[in-house]
Each structure stands twice: as C-alpha cells, then as structure tokens.
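In case you want the letters, here they are:
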Amino acid sequence: MLHYVYGAVKKSMEAYVTRAESNLVEVPLPFPVNSNDEFVSDFRKALERGKSNGNRVRLAVIDHVTSMSCVVIPIKELIQICRKEGVDQVFVDAAHSIGCTDVDMKEIGADFYTSNLHKWFFYPPSIAS
Ligand SMILES: Cc1ncc(COP(=O)(O)O)c(C=O)c1O
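Residues numbered from 1 in each chain as written. Predicted model: local features only at pLDDT ≥ 70, side-chain atom pairs only at ≥ 80, totals over all residues. Heavy atoms only, no water.

Chemist: Got a minute to help me understand the environment of Val90 in this structure?
Modeler: Considering the arrangement of structural elements, one finds Val90 in strand 2 (residues 89–93). A relative accessible area of 0% means that Val90 is categorised as buried. Those residues within four positions of Val90 in sequence are excluded, and the remaining contacts are Leu59, Ala60, Ile62, Ile79, Cys82, Arg83, Ala110, Asp111 and Phe112. (Helix = DSSP H or I, 4+ residues; strand = E, 2+ residues; numbered from the N terminus. Buried < 20%, exposed > 50% of the residue type's maximum accessible area, 1.4 Å probe, protein only. Contact = heavy atoms within 4.5 Å.)

Listed below in structure tokens is the structure:
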C-alpha cells in the first residue's frame, strides 16, 4: 500500500492484517515527485521487503490518483511489476480517477478497480463503481 493511501483504506487494511496475523508493507513514495522512475524504484524496493523471509505478497493496494498529494500513479507499470513479482492480486483505489484521468480497465489490468462518481461527476455519494 502506498504511503499516500486514503485514511479509511489504511485503517481497513490494518484491521484486516491484524486479524489475519499478517503484515502491511508501506511504500514510502517521494514528494514532491520528480519522476515516475523514482516511484517505480521505491515500489520495487517495497515489494522486495514484502517478499523477504520467504513471505508472499497477497494483495497490492495502489491508488490511481492519490487523495492528499493529488499524484497520478503509474499504475499500469506498477501492476506489470506486481504480475512479474508474483503478487497474488492487485486492488486499485480509483476514487479520484473516473472523470479526472483516462481509464482503460483492460489496459490497466487490475484484479479490482473501484471508483465513485460523487467527485468528478458530481453525483450523490452513494454512486460507486
Ligand atoms: C483515494 C480515495 N479513496 C477512497 C475514498 C473514499 O471514497 P468514498 O467517499 O466513496 O467513501 C476517497 C475519498 O475521498 C479517496 O480520495
């Protein structure tokens, strides 16, 4: 999960890994962002940490557009890395994406991609996708 993960998502992840007696690995992404390469490199390092001691990375949670820092994450590239590195599944928190950036679900290739329409489409809060 990225350092910029949305607070409620972070709390959910923490609750889940506590129950599952597992661990969370946080990717300490740089800010301000100078290049996608920096992101990718930090992400790779975090995956290595996650896989150390013979551990398996069950789920990668990646924001498409971060909430607080408003950064568009190179998710396609990060997901390809996850696939190569044997991460079981990838979840993309795309709450800010639809209406804000291009979204091609097939090209992105995530296992789960959730968004909502009450941000950039000005729909009522109950409209999620
Ligand atoms: C990145 C991100 N994830 C999740 C959420 C939560 O979305 P919702 O308002 O649909 O609960 C938000 C809301 O701002 C967000 O910015």
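Chemist: In this structure, what is going on with helix 1 (residues 7–19)? I would like to understand it.
Modeler: In an α-helix, one turn spans 3.6 residues; hence positions three or four apart end up facing the same way. A rise of 1.5 Å per residue sets the reference length of helix 1, with its 13 residues, at 18 Å; its end C-alpha atoms lie 19 Å apart and thus fit the reference within 8%. Looking one or two places after helix 1, you find Glu21, whose phi comes out positive at around 50°. (Expected span 1.5 Å × (residues − 1).)

Chemist: Looking at this structure, I do not really get the site of the ligand. What am I missing?
Modeler: Around the ligand sit Tyr6, Asp63, Ser67, Asp93, Ala95, His96, Asn116, His118 and Lys119, and those are all the residues in its vicinity. Contact distances for the ligand include 3.0 Å between an oxygen atom and a side-chain N or O atom of His96. In the complex, the protein chains occlude 72% of the 390 Å² of accessible area that the ligand would expose alone. Residue composition of the shell around the ligand, grouped by class: two nonpolar, four polar and three charged. (Near = heavy atom within 4 Å. Polar contact = N/O pair within 3.5 Å; in protein donor to acceptor, adjacent residues only side chain to side chain. Areas by Shrake-Rupley, 256 points an atom, 1.4 Å probe, with all protein chains shown as cover. Nonpolar A, V, L, I, M, F, W, Y, C, P; charged D, E, K, R; others polar.)

Chemist: In this structure, what is going on with the environment of Ala95? I would like to understand it.
Modeler: Tracing the sequence through the fold places Ala95 in the loop between strand 2 and helix 4 (105–108). A residue is classified by how much of its surface remains accessible, and Ala95, at 19% relative accessible area, is buried. When the C-alpha positions of Ala95 and Tyr113 are compared, they lie 9.2 Å apart, and in sequence the two are 18 residues distant. Residues contacting Ala95, with those up to four places away along its chain left out, are Thr114, Ser115, Asn116 and Lys119.

Chemist: It is not clear to me how the side chain of Asp63 should be interpreted in this structure. Could you clarify?
Modeler: On the secondary structure map, Asp63 appears in strand 1 (residues 59–63). This buried residue, Asp63, is left without a salt bridge; Lys119 holds the nearest opposite charge, at 10 Å. (Lys, Arg positive; Asp, Glu negative; His and termini not counted. Salt bridge = Lys/Arg side-chain N within 4 Å of Asp/Glu carboxyl O.)

Chemist: What is the right way to look at the UniProt feature "domain: Aminotransferase class V" (unreviewed entry) in the protein chain in this model?
Modeler: Per the UniProt entry, the sites bearing "domain: Aminotransferase class V" (unreviewed entry) are residues 55–120 in this numbering. The annotated region residues 55–120 carries 21% helix and 20% strand content, and the separation between its end C-alpha atoms amounts to 39 Å. (UniProt positions renumbered as here; feature names shortened; annotations may be inferred.)

Chemist: Would you mind going over the pattern of salt bridges with me for this structure?
Modeler: Note that side chains of opposite charge can pair when their charged atoms are close. For the structure on display, the rule yields seven salt bridges. The salt bridge involving Glu26 is made with Lys10; its shortest N-O contact spans 3.3 Å. With Glu26 in the loop between helix 1 and helix 2 (36–51) and Lys10 in helix 1, the pair connects residues that are 16 residues apart, well separated along the chain. According to the relative accessible area criterion, Lys10 is partly exposed, its value standing at 26%. Residues Arg83 and Asp111 are paired through a salt bridge, measuring 3.0 Å at the closest nitrogen-oxygen approach. Of this pair, Arg83 sits in helix 3 (residues 75–84) while Asp111 sits in the loop between helix 4 and strand 3 (112–114), and the two are 28 residues apart along the sequence. With relative accessibility at 36%, the residue Arg83 sits in the partly exposed group. Counted as one network, the salt bridges with shared partners bring together Arg56, Arg58 and Asp88.

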